[in-house]
Amino acid sequence: MSSFQRVVRLAGRCDRWRLNFRFLHVSSCGNLSSRVTDRHTNGSRSYTSCARTQPVRIGCASGFWGDTAASVPQLIHGGALDFLVFDYLSEITMSLLTAAKSKTPTLGYAPDFVHVALAPFINDLHRKGIRVVSNAGGVNPLACAEAIQEVIKKAGLDLKVAVVTGDDLMPHRSSLSEVKMAADGSTRSLPRSLHSMNAYLGALPIRRCLDLGADIVVSGRCVDSAVVLGPLMHSFGWGRTDYDLLASGSLAGHLIECGAQSTGGVFTDWHKVPDWDLMGFPVVEVSSDGAFVLSKPPATGGLVSFGTAAEQLVYEIGDPRRYLLPDVTCDFSQVLIQEVAGVDGGAVIVTGAKGSPPSHDYKVCATYMDGYRATAVCPVGGPRAAEKARRTAESIVKRTRRMLNQLKMEDFSSVSVQILGAEDTYGPNARCQQSSREAVIWMAAHHQQKKALEIFAREIAPAGTGMAPGLTGIVGGRPRVSPVLKPFFFLHPKAELKVDVHVGGELVETLKEAGPDTLEQEAPPTSEEDEPDAGLPSGPHSYRLEELAFTRSGDKGDSANIGVIARHPLFFPYLKKTPDFFCGGGLLLPPH
């Protein structure tokens with residue numbers, strides 16, 4: 001591990017990409033294992049809103065709706081936790097839950113949280129005094145709380161459940177004729193076929209629920225890191241203007257919000273990560289000064305290292321110097337990540353996050369209907385498999401287009417065909433795979449009318465008898481026609497949104513998160529370190545990106561970003577100078 005590593009970030013929109021250069025510091029740390037405690041708590045706790053001085057341990061058991069059920073018992077019995085948190089919601093998940101609620105009014109939340117995560121372990125959580133915070137409420141957090149109360153009643157326990165509501169803006173739709181776009185501040189009208197509309201709330205309502213003595217807190221949409229920052233604000237008494245502390249707590253939440261992504265999941269050096277079947281889930285032990293240790297329960301798989309933590313740090317944050325959250329604007333550019341010696345499975349201590357006042361607005365994610373999509377997946381075998389697969393896909397599209405024309409229907413809005421096994425996903429950097437004896441057709445069509453895609457779906461199976469030999473089936477049977485939901489991000493003034501806190505099924509408080517007293521800060525100016533170094537020596541050597549850097553990709557709607565962390569400071573200027581590295585081009589370095 002080098003003593004200094006930098007991060008270069010590639011950000012862009014669709015096929016437009018631009019480079020912004022940011023950096024992290026890293027150093028090895030001889031013996032910091034004293035920061036990782038091995039305590040266990042038995043019995044119930046009496047909760048208080050008074051600030052504590054002991055570190056707080058928080059484990060995250062879910063990075064998305066559908067994460068493994070193995071995480072909960074692992075963290076309860078091996079994490080020595082004060083809080084167990086769950087993150088279930090993505091942009092598309094909110095829309096799916098909206099659809100579920102429209103069919104059944106008592107649904108609209110993540111049922112796995114109630115029946116898989118809580119019900120089997122409710123007695124263990126009570127006995128160990130572990131408090132729970134989750135955004136599993138989706139678009140119906142009150143119904144989620146009612147289901148939890150049934151679990152508590154059945155177990156014969158007396159636990160207090162609190163709920164945060166107010167993120168749903170659909171009741172205010174009529175008053176939102178025009179909105180300010182999140183991307184560029186321009187003004188636009190809302191889409192006509194609006195499906196859902198939810199503000200990303202912050203940590204203050206969660207903190208208030210815990211202050212009121214809640215054992216379990218359920219929210220709807222909030223920023224992912226809020227499920228961690230809320231407990232920290234409650235435990236340490238951090239105030240709304242303690243911006244450096246809020247940034248540190250948000251960073252702790254950001255590192256664990258995606259579950260195993262910070263403990264070796266989807267890691268660049270995946271071959272160095274042991275025991276995926278026993279994957280450890282992340283735990284942060286946070287001190288009152290904001291410093292924290294990231295680790296995982298002992299005797300679990302996975303890995304915590306500089307690389308795993310740094311990759312997650314740059315995941316989906318945009319500008320690391322100005323990561324916008326409802327409670328604080330974070331600057332992660334000077335974060336120090338130190339590996340801790342002597343900890344089973346690895347651990348890092350993280351410091352150096354800085355904060356400034358947040359925006360006066362909430363970010364809002366709306367989803368809207370944009371026609372329909374059908375996807376077909378078909379394995380093809382035998383000689384010249386890729387060639388047969390491509391001709392089959394093209395013929396199916398050509399045939400269905402002719403049918404649509406005969407029926408006086410419009411053409412498809414778009415068609416995508418990829419032949420897996422022929423390296424279609426690599427585009428112009430694909431290597432010739434014509435000799436492959438196995439391939440998979442992956443084709444999707446988009447149309448504004450459902451009927452058009454039903455025609456498309458029916459024409460997949462006839463290829464099995466009327467086209468090339470070797471089409472061995474259709475994965476999942478005849479393709480299903482599904483609605484296409486697209487995201488629409490805009491800003492909404494905090495002062496115009498009321499957030500309600502419910503405890504035990506009763507409304508107890510209404511909060512309004514007014515904006516900060518100070519003016520919003522502009523993005524920091526470009527520094528000399530952001531500019532490519534002139535006059536770098538070049539040589540005959542070329543390297544794969546993974547040899548020079550750790551990488552992590554993420555996306556929000558149709559915007560994607562790739563975070564890149566140099567493995568050595570000498571590599572950084574070359575990464576910074578090479579804007580097309582993600583396309584597979586080599587990087588030139590001077591001879592050693």
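Residues numbered from 1 in each chain as written. Predicted model: local features only at pLDDT ≥ 70, side-chain atom pairs only at ≥ 80, totals over all residues. Heavy atoms only, no water.

Q: Any chance you could break down helix α9 (residues 306–313) for me, citing the residues and the numbers?
A: Most of α9 is tucked away, with 8 of its 8 residues classed as buried. Among the residues of α9, Phe306, Gly307, Thr308, Ala309, Ala310, Glu311, Gln312 and Leu313 are the ones counted as buried. (Buried < 20%, exposed > 50% of the residue type's maximum accessible area, 1.4 Å probe, protein only. Helix = DSSP H or I, 4+ residues; strand = E, 2+ residues; numbered from the N terminus.)

Q: Explain the packing of aromatic side chains to me, and be specific about the residues and the numbers.
A: Following the criterion strictly, the structure yields 10 aromatic pairs and no others. Plain terms: the ring middles of tyrosine 88 and phenylalanine 113 are 5.8 Å apart, the flat faces sit at 70° to each other, and that makes the pair edge-to-face. Remark: phenylalanine 113 occurs in helix α3 (residues 111–118) and tyrosine 88 occurs in the loop between β5 (83–86) and α2 (91–103); sequence separation between them is 25 residues. Like tyrosine 88, the residue phenylalanine 113 is buried in the burial classification. Put simply, the rings of Phe86, Tyr88 and Phe113 touch in pairs and so form one group of aromatic residues. Over the face of the ring belonging to phenylalanine 489 we find lysine 363, whose NZ or CZ atom lies 4.6 Å from the ring centre. Across the ring face of tyrosine 362, the terminal group of lysine 494 is positioned such that the distance to the ring centre comes to 5.8 Å. (Phe/Tyr/Trp six-rings, centres within 6.5 Å; stacked < 30°, edge-to-face > 60°. Lys NZ or Arg CZ within 6 Å of the ring centre and 35° of its normal.)

Q: An account of the confidence of the model for the protein chain is requested, with residue identities and associated values reported.
A: Summing up the model confidence of the protein chain, the mean pLDDT is 86 and the portion of residues at 70 or higher is 85%. This model gives residues 1–45 a pLDDT under 50, and the stretch forms 154 contacts once residues within four places in sequence are excluded. Counted against residues more than four places away or in other chains, residues 581–592, with its pLDDT under 50, gives 38 contacts. (pLDDT = per-residue confidence, 0-100. Contact = heavy atoms within 4.5 Å.)

Q: Just give me the short version of unusual backbone geometry, but keep the residues and values in it.
A: One non-glycine residue, alanine 299, lies in the positive phi region at around 60°. Looking at the secondary structure, you find alanine 299 in the loop between β13 (292–295) and α9. With phi around 55°, arginine 384 is a residue other than glycine that occupies positive phi space. Among the secondary structure elements, arginine 384 is positioned in the loop between β19 (361–381) and α10 (385–406). Its relative accessible area of 51% is what places arginine 384 among the exposed residues.

Q: Which residues make up the packing of α3 against helix α5 (residues 141–155), and what values do they have?
A: Close contact between α3 and α5 brings their axes to 9 Å; oriented N to C, the two are set at 20°. Accordingly, the angle class assigned to the pair α3 and α5 is roughly parallel. The chirality of how α3 crosses α5 is right-handed. The residues of α5 that touch α3, namely those facing Phe113, Val114 and Leu118, are Cys144, Ala147, Ile148 and Val151. For the contact of α3 with α5, the class distribution of residues is 7 nonpolar, no polar and no charged. (Axes fitted to C-alpha atoms, helices over the stretch in contact; angles between N-to-C directions. Parallel < 35°, antiparallel > 145°, perpendicular 65-115°, else oblique. Left-handed = near helix turned anticlockwise from the far one by under 90°. Nonpolar A, V, L, I, M, F, W, Y, C, P; charged D, E, K, R; others polar.)

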